[in-house]
Amino acid sequence: MQSPFNAIRGVALTAAVILAAGTAAYAHHGWSWTQDGFFELRGKITAIYIGNPHATLDVDAEGEAWRVELAPASRTIAAGFTEDVAKIGDEVTAIGNRSLEATEKRMKAVRIIVNGETYDVHPERVPPA
């Protein structure tokens, strides 16, 4: 029979492992790597990926290659943005938060506009009108 001390220690260890895994996932999917304040990027789509861990667009903005991260695939699709609504070469406006690293051409979009249609992939974070 297991002692109460060993049982508690096992539960505490399991909880610590779950917490550590959750913290790593939050850091990856959170906003901690982005600047405060909204940023707007305009350019042409060079690649579209709707998949996990999140959808992305590659955008050519005045000759610079940018990575625009969207929401997880299910949320991006629920917002109406699928691979059928945009194509390579389409003009896109992405509104969101850019990377804290000034040299990194990367942002996390809350809203994208393609072909006159607006897709709020993170509606809870969209700036007020």
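Everything numeric here is computed off the predicted structure, so don't read it as measured data.

(A) Main features of the overall build of the chain. Scanning the chain for helices and strands turns up two helices and six strands. Buried positions account for 33% of the 129 residues belonging to the chain. Partitioning the contacts of the chain with sequence separation of at least 6, the portion at a separation of at least 24 is 57%. A total of about 7800 Å² of accessible surface is found on the chain, and carbon and sulfur atoms cover 59% of it.

(B) Structural context of the pattern of salt bridges. Evaluation of the coordinates by the stated rule reveals nine salt bridges. Measuring nitrogen to oxygen at the nearest pair gives 2.8 Å for the salt bridge that ties Glu40 to Arg42. Judged by its relative accessible area of 56%, Arg42 is exposed. Residue Arg106 pairs with Glu104 through a salt bridge whose shortest N-O separation is 3.4 Å. Ionic contacts of the salt-bridge type, sharing partners, join the residues Glu69, Glu104 and Arg106 into one network.

(C) Fine view of the nonpolar core. Grouped together as the largest cluster of nonpolar side chains are 22 residues, with contacts concentrated most on Leu57, Val68, Leu70, Phe81 and Ile112. Every element with two or more residues in this core is listed here: strand S1 (39-49), strand S2 (56-61), strand S3 (64-69), strand S4 (91-98) and strand S5 (106-114). The element best represented in this core is S5, accounting for four residues. In this structure Leu70 touches His54, Ala55, Leu57, Thr76, Phe81, Ala109, Ile112, Val121 and His122, once residues within four positions along its chain are discounted.

(D) Structural view of the environment of Thr103. Within the element layout of this structure, Thr103 appears in the loop between S4 and S5. Judged by relative accessible area, Thr103 falls into the exposed class, the value being 64%. Separated by 3.1 Å, the side chains of Thr103 and Glu101 make a polar contact.

(E) A look at the confidence of the model for the chain. For the chain, per-residue confidence averages 83 on the pLDDT scale, and residues scoring 70 or more make up 78% of the total. Ranking the elements of the chain by mean pLDDT puts helix H1 (residues 4-29) last, at 46, and S2 first, at 98. Here residues 11-28 is a poorly scored stretch, pLDDT under 50, and it has four contacts once near neighbours within four places are set aside; other chains count.

(F) Expanded view of the pairing of S2. Where S1 meets S2, five bridges bridge the pair, whose relative direction is antiparallel. Across the sheet, residue Ala47 finds its bridge partner in S2, namely Asp58. Linking two consecutive strands that pair antiparallel, namely S1 and S2, is a turn of six residues. In textbook terms, the turn of a hairpin is the stretch between consecutive antiparallel strands, and for S2 and S3 this stretch comprises two residues, one of which, Glu62, has a positive phi near 55 degrees.

Conventions adopted
- Residues numbered from 1 in each chain as written.
- Predicted model: local features only at pLDDT ≥ 70, side-chain atom pairs only at ≥ 80, totals over all residues.
- Heavy atoms only, no water.
- Helix = DSSP H or I, 4+ residues; strand = E, 2+ residues; numbered from the N terminus.
- Buried < 20%, exposed > 50% of the residue type's maximum accessible area, 1.4 Å probe, protein only.
- Contact = heavy atoms within 4.5 Å.
- Areas by Shrake-Rupley, 256 points an atom, 1.4 Å probe, with all protein chains shown as cover.
- Salt bridge = Lys/Arg side-chain N within 4 Å of Asp/Glu carboxyl O.
- Core = buried A, V, L, I, M, F, W, Y, C linked by side-chain atoms within 4.5 Å.
- Polar contact = N/O pair within 3.5 Å; in protein donor to acceptor, adjacent residues only side chain to side chain.
- pLDDT = per-residue confidence, 0-100.
- Pairing = 2+ DSSP bridges.

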